Amino acid sequence: MKNLSDKDKSNDGATPLLQRGAGGEVRIGIINVSDRASKGIYEDLPGKAIVSTLNEYIMGDWEQEYAIVPDEQHLIEQMMIEMADIKNCCLIITSGGTGPALRDVTPEATEAVCTKMLPGFGEQMRRESLKYVSTAILSRQTAGIRNETLIVNLPGKPKAIRQCLDAVFPAIPYCIDLLNGPFIECRSEVIQIFRPA
Amino acid sequence: MKNLSDKDKSNDGATPLLQRGAGGEVRIGIINVSDRASKGIYEDLPGKAIVSTLNEYIMGDWEQEYAIVPDEQHLIEQMMIEMADIKNCCLIITSGGTGPALRDVTPEATEAVCTKMLPGFGEQMRRESLKYVSTAILSRQTAGIRNETLIVNLPGKPKAIRQCLDAVFPAIPYCIDLLNGPFIECRSEVIQIFRPA
Amino acid sequence: MKNLSDKDKSNDGATPLLQRGAGGEVRIGIINVSDRASKGIYEDLPGKAIVSTLNEYIMGDWEQEYAIVPDEQHLIEQMMIEMADIKNCCLIITSGGTGPALRDVTPEATEAVCTKMLPGFGEQMRRESLKYVSTAILSRQTAGIRNETLIVNLPGKPKAIRQCLDAVFPAIPYCIDLLNGPFIECRSEVIQIFRPA
């Protein structure tokens, strides 16, 4: 484990850690939140866009937990909890359900299951999307931490997914270090991640 | 009604829709929050600035609901609820009461009546105001949605009102589309609104 | 007292004001939140960095209240309450405990004791820090108001402390004016503070 700055990182027995830490495997949960994709009306393009982007970024193996769920808050929460607490994912990435419409509830689900919110992710993704569309301010994307799992909301459109991931992923491996997760190495020619000295 | 992206927009009978939708009339609520204006000590310049700016932006007719209320949270909430639920406004714009002082409670009233918050509006307005004054970070302006009504807080100074409206209005007509509201058309030589394809 | 814009600033007897106001003394609380510094394992560099920066900024005398506390939410809250309510500080500045790790709880303590949050401070500090490190989005720094005391979270690293203070301090003296606090004058050759006309 790396020196994790001015903090006592002992787990205090509060949460069972199943094979977490620098030597553990990298397991990432991907949840496509969409009424239509969950019914098979739409092809799951957002989920595929996330997987192919992570394959480009991450050096070495990583395992995926994968789900398509409708825009129902309790179902989204249930899947996040399962991926975080049982499947032991260090990172969960959602797509879709972050707009202002009645059935957009992904940020609400995220906030409900998280123990800490990270407002900087939403700020950064909206700022990035504003370079392309002035409706970026309608996005309610956020990120938070459930115990030792980072949860990040992405938009539903594949092109916007890549723009947002490029904007926030540089900070994700170090965040997972701070949460006692596996050490993620990335291809520097694809994405410049950063770990403070 | 337009194709509203990957969502089921059916109302499920939860909220009665009185003449909403693409064919409905554009009704906008304007609330000037100010102790002094509500007592007649000050002229209501902020409210007038909002009306004249909307007249410049919007093509075609729109109806206004108009109120001046003191900086009392329950009175602001009551007026927002009336304009949203009874008067059927698709948009409510407030001015004033967003600073750090004891009696500034407009954001609290907004959050109390809204079912969803849209943090991107406050971020964008503060970023815009920071171009002019470093005290812009003191503003707590926010925006949110009450059922199918968008509520946006503006500052109290007429000049700052125009700067903030210019910064966020491009996203407002599309937001109202997503909330099943009327289709608002704007003068492109005055304001460049955006609707994703 | 200065003209405080369109607001009735009378205290209404709700909070006892002990020598506050334009003629009062400038008392500032500094809280270094750190498990290791509180045990004496680390030297308190963050606290010293804050004091020396404020000495550079502020013209004339100011008094400090000073504390080093471990990363325990209730101890941080207790110290903030003491400095605000009993020691009568117009401003409290914390360092450390704002990251995503399990024991980082300074923002939670701040939110728990504050009556109003000021999201613009966190936005501005993260935007500033992003010029240097892409992990700035992991910071959860915030600011808020407890009655008539402004509380601002800074990061724990001395270099980042100066960057963040330079970014937000220009708005702080005017904020304290609005909270009926003492009139703080600064050295314009060091920091350009701003008070709207």
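Within each chain, residue numbers correspond to sequence positions counted from 1 in written order. Both sets of labels track the order of writing: A upward for chains, 1 upward for ligands. Confidence filtering applies because this is a predicted model: local features only for residues at pLDDT of at least 70, side-chain atom pairs given and counted only at 80 or more, and all residues used for totals across whole chains, interfaces and linings. Side-chain metrics in this entry use all non-hydrogen atoms of the structure; hydrogen atoms and water are not considered.

## Some details on the relation of the copies chain A and chain C
(1) Moving on: A least-squares fit on C-alpha atoms brings the copies together, and the residues used are those whose pLDDT is at least 70 in both copies. Once chain A is rotated about the relating axis by 120 degrees and shifted along it by 0.0 Å, it coincides with chain C to within an RMSD of 0.0 Å. What the rotation and shift describe, once combined, is the action of a three-fold rotation axis. For chain A, the minimum C-alpha distance to the rotation axis belongs to Glu123(A) and amounts to 4.3 Å.
(2) Moving on: Contacts: residue pairs with any heavy atoms within 4.5 Å of one another. Looking at chain A, a mere 8% of its interface residues are interface residues in chain C too, so the copies touch through different faces.

## Topic: the packing of helix α5 (residues 119–130) of chain A against helix α5 (residues 119–129) of chain C
(1) Moving on: All axes here are fitted lines through C-alpha atoms, helices being fitted over the stretch that makes contact, and every angle between N-to-C directions spans 0 to 180 degrees. Put simply, DSSP H or I for four residues or longer makes a helix, DSSP E for two residues or longer makes a strand, and each gets a number counted from the N terminus. Where α5(A) meets α5(C), the closest approach of the two axes is 11 Å, and the angle between their N-to-C directions is 70 degrees. The orientation of α5(A) relative to α5(C) falls into the category roughly perpendicular. Note that α5(A) runs across α5(C); the crossing there is right-handed. Counted together, Pro119(A), Gly120(A), Glu123(A) and Arg127(A) of α5(A) and Glu123(C), Arg126(C) and Arg127(C) of α5(C) form the full contact between these two elements.
(2) Moving on: Charged residues are taken to be Asp, Glu, Lys and Arg, nonpolar residues to be Ala, Val, Leu, Ile, Met, Phe, Trp, Tyr, Cys and Pro, and polar residues to be all remaining types, Gly included. Grouping the constituent residues of the contact of α5(A) with α5(C) by class yields one nonpolar, one polar and five charged. Angle categories: roughly parallel below 35 degrees, roughly antiparallel above 145, roughly perpendicular from 65 to 115, and oblique for all the rest. By definition, any crossing whose near helix is turned counterclockwise from its far helix by less than a right angle is left-handed, and any crossing with a clockwise turn is right-handed.

## Here's the deal with the interface of chain A and chain C
(1) Moving on: With 25 residues of chain A at the contact, the number on the chain C side is 24 residues.
(2) Moving on: Of the roughly 2200 Å² buried between chain A and chain C, counting both surfaces, carbon and sulfur atoms make up 58%.
(3) Moving on: For this document, the term salt bridge refers to a Lys or Arg side-chain nitrogen within 4 Å of an Asp or Glu carboxyl oxygen. The partner of Glu123(A) in a salt bridge is Arg126(C), with the nearest N and O atoms 2.7 Å apart.
(4) Moving on: Polar contacts, as used here, are pairs of N or O atoms within 3.5 Å; protein pairs need one atom able to donate a hydrogen and one able to accept it. Residues neighboring in sequence count only if both atoms are side-chain atoms. The interface formed by chain A and chain C contains four residue pairs in polar contact (both at pLDDT 80 or more).
(5) Moving on: When residues of the side of chain A that touches chain C are traced back to their parent elements, those giving at least two are β4 (116–117), α5 and α7 (172–178) of chain A.
(6) Moving on: No other element matches the six residues that α5(A) contributes to the side of chain A that touches chain C.
(7) Moving on: When the residues that make up the side of chain A that touches chain C are grouped by side-chain class, the tally is 14 nonpolar, four polar and seven charged. A 1.4 Å probe defines the accessible area here, and the buried area is the portion of it lost by two parts on being joined, summed over both.

## Things to note about the sheet that holds β4(A)
Residues and elements named next belong to chain A.
(1) Moving on: Strand order in the open sheet formed by six strands is β2-β1-β3-β6-β5-β4, and the pairing between neighbours is mixed. A single partner strand is all that each edge strand has here, and the edge strands are β2 (63–69) and β4.
(2) Moving on: Two strands form a pair only when DSSP identifies at least two bridges running between them. In terms of strand pairing, β4 meets strand β5 (residues 143–146) through two bridges, oriented antiparallel. Pairing of Lys 116 across the sheet is with Ile 145, part of β5.
(3) Moving on: Contacting β4, β5 and β6 (149–154), α5 crosses the sheet at an angle of about 25 degrees to β6.

## Some points on the side chain of Glu128(B)
All names here are of chain B.
(1) Moving on: One can find Glu 128 in helix α5 (residues 119–129).
(2) Moving on: Of note is the side chain of Glu 128, whose polar atom sits 2.9 Å from the side chain of Lys 131.
(3) Moving on: Sequence-distant contacts of Glu 128, defined by excluding residues within four places in its chain, comprise Gln 163 and Ala 167.

## Quick notes on the sheet that holds strand β6 (residues 149–154) of chain C
To summarise the sheet geometry, strands pair through backbone hydrogen bonds and adopt either a parallel or an antiparallel arrangement.
All names here are of chain C.
(1) Moving on: The sheet built from six strands is open, its strands ordered β2-β1-β3-β6-β5-β4 with mixed pairing. What marks the edges here is a single partner per strand, and that holds for β2 (63–69) and β4 (116–117).
(2) Moving on: Relative to β6, strand β5 (residues 143–146) is paired through four bridges, and the arrangement is antiparallel. Opposite Ala 143, over in β6, you have Val 152 as the bridge partner.
(3) Moving on: Relative to β6, α5 is tilted by about 25 degrees, and along the sheet it contacts β4, β5 and β6.

## With respect to the environment of Gly47(B)
Residues and elements named next belong to chain B.
(1) Moving on: Inspection of the secondary structure assignment puts Gly 47 in helix α2 (residues 45–57).
(2) Moving on: Here the term buried applies to any residue with accessible area under 20% of the maximum for its type, exposed to any over 50%, and partly exposed to those in between, with areas from a 1.4 Å probe on protein chains only. Classification of Gly 47 as buried rests on a relative accessible area of 0%.
(3) Moving on: A sequence separation of 20 residues divides Gly 47 from Ala 67, and the C-alpha atoms of the two residues are 8.6 Å apart.
(4) Moving on: Sequence-distant contacts of Gly 47, defined by excluding residues within four places in its chain, comprise Ile 30, Asn 32, Tyr 66 and Ser 95.

## Considering the confidence of the model for chain A
(1) Moving on: Values of pLDDT, ranging from 0 to 100, describe the predictor's confidence in every residue of the model. For chain A, the mean per-residue pLDDT works out to 90, and 88% of the residues sit at or above 70.
(2) Moving on: This stretch, residues 1–19 of chain A, has a pLDDT under 50; its non-local contacts, to residues over four places away or in other chains, come to 31 contacts.

## A closer look at the interface of chain B and chain C
By convention, interface size is frequently given as the accessible area that disappears when the constituent parts associate.
(1) Moving on: Facing the 24 residues of chain B at the interface are 25 residues of chain C.
(2) Moving on: Of the roughly 2200 Å² buried where chain B meets chain C, counting both sides, 58% is carbon and sulfur surface.
(3) Moving on: Taken together, the links from chain B to chain C amount to one salt bridge.
(4) Moving on: Taken together, the connections running from chain B to chain C amount to four residue pairs in polar contact (both at pLDDT 80 or more).
(5) Moving on: Listing elements by their share of the side of chain B that touches chain C, those giving two or more residues are α1 (35–38) and α5 of chain B.
(6) Moving on: Among the elements that make up the side of chain B that touches chain C, the one with the highest residue count is α5(B) (three residues).
(7) Moving on: Here the side of chain B that touches chain C is built from residues that sort into eight nonpolar, five polar and eleven charged.

## Some words on the pattern of salt bridges
(1) Moving on: As enumerated under the stated definition, the model contains 39 salt bridges over all chains in all.
(2) Moving on: The partner of Glu128(A) in a salt bridge is Lys131(A), with the nearest N and O atoms 2.9 Å apart.
(3) Moving on: By relative accessible area, Glu128(A) is classed as buried at 16%.
(4) Moving on: Between Glu25(C) and Arg27(C) there is a salt bridge whose closest N-O contact spans 2.5 Å.
(5) Moving on: Judged by relative accessible area, Arg27(C) falls into the buried class, the value being 18%.
(6) Moving on: Each of the salt bridges in this network shares a partner with another, and the network as a whole consists of Glu25(A), Arg27(A) and Glu63(A).

## Focus on helix α4 (residues 106–113) of chain B
In an α-helix, one full turn covers 3.6 residues, which means residues spaced three or four apart are oriented alike.
Residue and element names in this part refer to chain B.
(1) Moving on: Of all the positions in α4, only Thr 106, Pro 107, Ala 109, Thr 110 and Val 113 are classed as buried. Buried positions in α4, seen along its axis, are confined to an arc of 160 degrees and lie on one side of it. Within α4, the exposed residues directed more than 90 degrees away from the buried face are Glu 111 and Ala 112.
(2) Moving on: Summarising the contacts, the buried residues of α4 are in contact with β1 (27–33), α3 (73–86), β3 (91–95), β4 (116–117), β5 (143–146) and β6 (149–154). As used here, the arc is the angular range of directions from the helix axis to the C-beta atoms.

## Observations regarding the side chain of Lys116(A)
(1) Moving on: Tracing the backbone through its elements, the reader meets Lys116(A) in strand β4.
(2) Moving on: Polar contacts involving the side chain of Lys116(A) include one to the main-chain carbonyl oxygen of Ala101(C), which spans 2.6 Å.
(3) Moving on: Setting aside its immediate chain neighbours within four residues, Lys116(A) contacts Gly144(A), Ile145(A), Gly99(C), Pro100(C), Ala101(C), Leu102(C), Arg103(C), Asp104(C), Glu108(C) and Arg140(C).

## A few points about unusual backbone geometry
(1) Moving on: The phi dihedral of Asn88(A) falls on the positive side, at around 65 degrees, and the residue is not glycine.
(2) Moving on: With respect to the helices and strands, Asn88(A) occurs in the loop between α3 (73–86) and β3 (91–95).
(3) Moving on: Residues other than glycine seldom take positive phi values, yet Asn180(C) does so here, at roughly 65 degrees.
(4) Moving on: Mapped onto the secondary structure, Asn180(C) falls in the segment after α7 (172–178).

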